[in-house]
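Okay, here's what each chain looks like letter by letter:
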Amino acid sequence: MRMVFRWFGEGNDTVTLGQIRQIPGVEGIVWALHDIPAGEEWPLERMLEIKKQADEYGFHTEVVESVNVHEDIKLGLPTRDNYIDNYKKTIERLAKVGVKVICYNFMPVFDWIRTHLFEPLADNSTALFYDKAKIDSMNNPEELVRVINENPDFTMPGWEPARMKRLPALFEAYKNVTEEDLWNNLRYFLEQIIPVCESNDIQMALHPDDPPWSLFGLPRIITDRDNIRRLLSLVDSPYNGVTLCSGSLGINPNNHVADMVREFADRIPFAHIRNVRLYDNGNFIETSHRSQDGTLDICDIVKAYHEKGFTGYARPDHGRQIWNEQCRPGYGLYDRALGIMYLWGIWDSLERTKRGAAACMQST
């Protein structure tokens, strides 16, 4: 397991590279050019700038999250080929700065959905929260946009104001798009870009839908084990993979994340590991990474990666706001650092047990 840490860049993050360097076992940053609109080419000079900043602290830049997919590609419009060509050029440039994995998603309009950014937990820390009844009764999703953008100091990934201004037009465009249409458009996209990925040694890692069900009438397709199987069969190449996000998939109690790890391990170049607490009424809140604090068995999930000899990249995905930290919701320093140490503790104990078992075998 190769530990990495999401970083939004100088001037766009409360966490510094110097602070990340002090977290044991972190070898790279997960980065992106967040100001480049979806569909545009990423300039090589900007990529080199990020790489130089990371190099100064001994970090690699092998994982990018995200090179966003333009809505015209998801909609299957005639203009999609132009945006796909831009995506191919970006892949080729990313290879020049050593990128090995691109995390992306294929969710229409919204990358992820929560109703509260700072919901208090019992210990007075705060976390991202989803109120099912509030979503179900929400007639206009623009109300949700206002909630997310009430945090003016830090734009939230996937909720950039310029993109949200197009909300009415986007909903109109998706009005007659079915899940099968979205599958066909994803297949077309992958058939175009995977050969470029293969020639540049970069794996695509599709992030599951968050939450993994349809909302506001929008189709969502990467929601469970069967859909991940279908994704991987669309283009059967090791360069067509999945970002297995325990928090996104685990919101559905029917999804057994550890079993998915065991089945898809060789097609998981990137892992997001986090915990959530599920409630009987359909609400959920993000918690510390500790298994006992949430509904997911993080110990078993990490054990599954260890059993499969996972050598891909992993990051603590989201964290609480603790110790009065002023930060982008879900992306503070302290709780993600605690999460890393929890994950390493599990991993190290599994390694020790493995070495002990091997020693016993040799002695007998």
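Remember, it's a predicted structure, so these values are computed and weren't measured experimentally.

Cut-offs applied
Residue numbering note: each chain is counted from 1, following its sequence as written. Side-chain atom pairs in this predicted model are given and counted only at pLDDT of 80 or more, local residue features only at pLDDT of at least 70, and totals for whole chains, interfaces and linings cover all residues. Note: side-chain values were computed over all heavy atoms of the structure, leaving out hydrogens and water. Per the convention used, a helix needs a DSSP run of H or I reaching at least four residues, while a strand needs a run of E reaching at least two, with both numbered from the N terminus. With C-alpha atoms as the basis for the radius of gyration, the globule rule is written as 2.2 Å multiplied by the number of residues raised to the power 0.38. When accessible area is computed with a 1.4 Å probe and restricted to protein chains, residues below 20% of their type maximum are described as buried, those above 50% as exposed, and intermediate ones as partly exposed. Two residues form a contact once any of their heavy atoms are found within 4.5 Å. All accessible areas in this document rest on Shrake-Rupley with a 1.4 Å probe, and a residue is counted as covered only by the protein chains that are shown. Ring pairs are drawn from Phe, Tyr and Trp, using the six-membered ring of Trp, whenever the two centres fall within 6.5 Å, and their geometry is named by plane angle: stacked under 30 degrees, edge-to-face over 60, tilted for the rest. Our definition puts a charge over a ring when NZ of Lys or CZ of Arg is within 6 Å of the ring centre and also within 35 degrees of the ring normal. At least two DSSP bridges between two strands are required for those strands to pair. In this analysis, axes come from line fits to C-alpha atoms, helices being fitted only over the stretch in contact, and the angle between any two N-to-C directions falls in the range 0 to 180 degrees. Here, the term disulfide refers to a pair of cysteine sulfur atoms separated by no more than 2.5 Å. Multiplying 1.5 Å by the helix residue count minus one yields the expected span of that helix. Take the seven residues that end at a residue and the seven that start at it, fit an axis to each, and the angle between those axes is the bend at that residue. Only buried Ala, Val, Leu, Ile, Met, Phe, Trp, Tyr and Cys residues count toward a nonpolar core, and they belong to the same one when joined by side-chain atoms within 4.5 Å.

**Q** Report on the overall build of the protein, specifying residues and quantitative values.
**A** Secondary structure summary: the protein contains 14 helices and twelve strands in total. Relative to its length of 364 residues, the protein is compact, with a C-alpha radius of gyration of 20 Å against a globular reference of 21 Å. Over its C-alpha atoms, taken along the principal directions, the protein stretches across nearly 65 × 50 × 40 Å. Taken over 364 residues, the protein has a buried fraction of 58%. When contacts within the protein are restricted to residue pairs at least 6 apart in sequence, long-range pairs at least 24 apart make up 74% of them. Accessible surface, the protein: about 15,400 Å² in total, of which carbon and sulfur atoms supply 47%.

**Q** Can you tell me about the packing of aromatic side chains, naming the residues and giving the values?
**A** All told, the structure shown has twelve aromatic pairs when counted by the stated rule. When the centroid spacing of 5.9 Å and the interplanar angle of 70° are considered together, the rings of Tyr 130 and Trp 213 count as edge-to-face. Of this pair, Tyr 130 sits in strand S6 (residues 126-130) while Trp 213 sits in the loop between strand S7 (203-206) and helix H10 (225-234), and the two are 83 residues apart along the sequence. With relative accessibility at 1%, the residue Tyr 130 sits in the buried group. For Trp 213, a relative accessible area of 28% gives the class partly exposed. A network of ring pairs unites the aromatic residues Tyr 87, Tyr 104, Phe 106 and Phe 189 as a single cluster. The positively charged end of Arg 80 is found above the aromatic ring belonging to Tyr 188, 3.5 Å away from the centroid.

**Q** Account for the sheet that holds strand S2 (residues 26-31), naming residues and giving values.
**A** An order of S1-S2-S3-S4-S7-S8-S9-S12 is seen for the eight strands of this closed barrel, with the pairing classed as parallel. Shown here is a sheet whose adjacent strand axes are inclined to one another by a mean of 30°, direction ignored. Two elements, strand S4 (residues 101-104) and S7, share four bridges in a ladder whose sense is parallel. Its bridge partner lying in S7, Val 101 is registered against Gln 203. Across the sheet, helix H2 (residues 44-55) touches S2 and strand S3 (60-65), and the angle it forms with S2 is around 155°.

**Q** Break down the pairing of strand S9 (residues 270-273) for me, citing the residues and quoting the values.
**A** Residues Phe 270 and His 272 of S9 are buried on one face, and the alternating residues Ala 271 and Ile 273, pointing to the opposite face, are buried as well. The pairing of S9 with strand S12 (residues 313-316) spans four bridges and is parallel. Residue pairing in the sheet places His 272 in a bridge with Arg 315 of S12.

**Q** I'd love a proper account of the state of the cysteines, names of residues and values included.
**A** Tallied over the full model, the rule gives zero disulfides. Here Cys 245 stays free of any disulfide, with the sulfur of Cys 103 as its closest cysteine sulfur at 8.6 Å. Look at Cys 245 and you get buried, because its relative accessible area is 0%. Cys 327 takes part in no disulfide bond, and the closest cysteine sulfur, belonging to Cys 245, lies 18 Å away. Relative accessible area serves as the criterion here: at 4%, Cys 327 is assigned to the buried category.

**Q** Account for helix H9 (residues 179-200), with residues named and values stated.
**A** With 22 residues, H9 extends 31 Å between its outermost C-alpha atoms, agreeing within 8% with the 32 Å of an ideal straight helix rising 1.5 Å per residue. A bend of about 30° at Ile 193 is the largest found in H9, and the proline Pro 195 appears one to four places after it. Of the surrounding secondary structure, the elements contacted by the buried residues of H9 are helix H3 (71-75), helix H4 (80-96), S4, S7, H10 and strand S8 (240-245).

**Q** Which residues make up the nonpolar core, and what are the values?
**A** Counting residues in each nonpolar core, the largest one holds 106 residues, and the members touching the most others are Trp 31, Leu 186 and Phe 189. Excluding its chain neighbours within four sequence positions, the residues that come into contact with Trp 31 are Trp 7, Trp 42, Met 47, Ile 50, Thr 61, Val 63, Val 64, Glu 65, Leu 94, Val 97 and Val 99. Counting residues in hydrophobic clusters, the runner-up holds eight residues, among them Val 4, Val 63, Val 101 and Ala 205.

**Q** Any chance you could break down the sheet that holds S6 for me, citing the residues and the numbers?
**A** Read from one edge to the other, the open sheet built from four strands follows the order S5-S6-S11-S10, with strand pairing classed as antiparallel. Looking along the sheet, the strands with just one partner apiece sit at the ends: strand S5 (116-120) and strand S10 (276-278). Adjacent strand axes in the sheet meet at a mean angle of 35°, parallel and antiparallel pairs treated alike. Judged from the two bridges that link them, S6 and strand S11 (residues 284-286) form a sheet pairing that is antiparallel. Bridge pairing links Phe 129 to Ile 285 in S11.

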